[in-house]
Amino acid sequence: MAAAGSCSVKGKNLLQFMKLVGQLKRVPRTGWIYRKVEKPESVSDHMYRMAVMALLTEDQKLNKERCIRLALVHDMAECIVGDIAPADNVSKEEKHRREKAAMEHLSQLLPEDLKTEVYDLWQEYERQSTAEAKFVKELDQCEMILQALEYEELEKRPGRLQDFYDSTAGKFKHPEVVQLVSAIYEERNGAIAANTTSTQT
């Protein structure tokens, strides 16, 4: 073990990596800012719950550990480029270019084996090249509408964030995700109906 007070290049690089990834705690999710949500979640908040969702899958055909890793890596580039939303009018190609450069920079700070793993996980998600990547993409969208539901409940304004639901309509295929999405819609529709009734009386 290195003597106290000394620091290897590996240690310095790991510290730099951790500080960059730590920025995700302070990068708010842009979509909520544009909708004037008070105290919007951070990117790391979003990724954490996605990782928990992946942990809870019962699908034996999926590599659960890989799903968790994909969830933890998929938005990692945003610690450098920020959360680029559709409303920012940045093309998909330009968004990918920026995020690719960010992931190359981040992964260079890691030892060779980890560098390859982290970068390859990000590429796998971007390319949607595996069943695990497709599943985690659905978790990404499902987590977003779950968060929208929670914000509507916190604000006591059911139905306010409809555009997030519209943007994901018809995109859920995996049975477990469809089941959770159905529960989200059922709770939300009940809240909207109750609110409509109360405003009419």
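Residues numbered from 1 in each chain as written. Predicted model: local features only at pLDDT ≥ 70, side-chain atom pairs only at ≥ 80, totals over all residues. Heavy atoms only, no water.

## Details of the layout of surface pockets
Logical step 1: Each pocket or cavity is described by its volume, and for the largest pocket that value is around 1200 Å³.
Logical step 2: Lining the largest pocket are 32 residues, and of these Ile-84, Pro-86, Lys-95, Lys-137 and Asp-140 lie nearest its centre.
Logical step 3: Elements with a contribution of two residues or more to the lining of the largest pocket: helix H2 (30-34), helix H6 (92-108), helix H7 (112-127), helix H8 (131-155) and helix H9 (162-168).
Logical step 4: In the lining of the largest pocket, the residues fall into ten nonpolar, nine polar and 13 charged. (1 Å grid on protein atoms, 1.4 Å probe; cavity = no way out; pocket = protein on both sides within 12 Å on 5 of 7 lines; lining within 4 Å. Points joined across faces, edges and corners; volume = space filled by probe spheres on them. Helix = DSSP H or I, 4+ residues; strand = E, 2+ residues; numbered from the N terminus. Nonpolar A, V, L, I, M, F, W, Y, C, P; charged D, E, K, R; others polar.)

## Considering unusual backbone geometry
Logical step 1: Positive phi, close to 55°, is recorded for Lys-36, a residue that is not glycine.
Logical step 2: Along the chain, Lys-36 turns up in the loop between H2 and helix H3 (43-55).
Logical step 3: One non-glycine residue, Lys-39, adopts positive backbone phi at about 50°.
Logical step 4: Locating Lys-39 in the fold gives a position in the loop between H2 and H3.
Logical step 5: Judged by its relative accessible area of 73%, Lys-39 is exposed. (Buried < 20%, exposed > 50% of the residue type's maximum accessible area, 1.4 Å probe, protein only.)

## Some words on the pattern of salt bridges
Logical step 1: Counted under the stated rule, the structure contains 14 salt bridges.
Logical step 2: As a salt-bridge pair, Glu-104 and Lys-100 come within 2.7 Å of each other at their nearest N and O atoms. Separated by four residues within a single helix, Glu-104 and Lys-100 lie in helix H6, roughly one turn from each other.
Logical step 3: Residue Glu-104 is classed as partly exposed on the basis of its relative accessible area of 33%.
Logical step 4: The salt bridge partner of Glu-112 is Lys-115, with a shortest N-O separation of 3.2 Å. With Glu-112 and Lys-115 both in helix H7 and three residues apart, this pair spans about one turn of that helix.
Logical step 5: Classification of Glu-112 as exposed rests on a relative accessible area of 54%.
Logical step 6: Through salt bridges that share partners, Arg-49, Glu-143 and Glu-150 make up one connected network. (Salt bridge = Lys/Arg side-chain N within 4 Å of Asp/Glu carboxyl O.)

## Concerning the packing of aromatic side chains
Logical step 1: If you walk through the whole model with that rule in mind, you get four aromatic pairs.
Logical step 2: With a centroid separation of 5.0 Å and an interplanar angle of 75°, the aromatic rings of Trp-32 and Tyr-151 are classed as edge-to-face. Placement of the pair is Trp-32 in helix H2 and Tyr-151 in helix H8, with a sequence separation of 119 residues.
Logical step 3: Here Trp-32 falls in the buried class, since its relative accessible area comes to 2%.
Logical step 4: With a relative accessible area of 6%, Tyr-151 lands in the buried category.
Logical step 5: Among the aromatic residues, those joined into a cluster by ring pairs are Trp-32, Tyr-151 and Phe-164.
Logical step 6: Arg-188 extends its terminal NZ or CZ atom over the ring of Tyr-165, reaching a point 3.8 Å from the ring centre. (Phe/Tyr/Trp six-rings, centres within 6.5 Å; stacked < 30°, edge-to-face > 60°. Lys NZ or Arg CZ within 6 Å of the ring centre and 35° of its normal.)

## Observations regarding the nonpolar core
Logical step 1: By size, the foremost hydrophobic cluster in this structure holds 48 residues, and its most contacted members are Trp-32, Met-103 and Val-136.
Logical step 2: Elements supplying a minimum of two residues to this core: helix H1 (9-22), H3, helix H4 (64-73), H6, H7, H8, H9 and helix H10 (175-200).
Logical step 3: Examining the composition of this core, we find that eleven residues originate from one element, H8, more than from any other.
Logical step 4: Excluding its chain neighbours within four sequence positions, the residues that come into contact with Val-136 are Met-50, Cys-67, Leu-70, Ala-71 and Tyr-125. (Core = buried A, V, L, I, M, F, W, Y, C linked by side-chain atoms within 4.5 Å. Contact = heavy atoms within 4.5 Å.)

## Quick word on the environment of Glu-117
Logical step 1: Here Glu-117 shows up in helix H7.
Logical step 2: Considering only alpha carbons, one finds Glu-117 and Ser-107, ten residues apart in sequence, at a separation of 8.8 Å.

## Re the UniProt feature "domain: HD" (unreviewed entry) in the protein chain
Logical step 1: Per the UniProt annotation, the sites labelled "domain: HD" (unreviewed entry) are residues 43-145.
Logical step 2: The distance separating the terminal C-alpha atoms of residues 43-145 is 15 Å; by composition the span is 73% helix and 0% strand. (UniProt positions renumbered as here; feature names shortened; annotations may be inferred.)

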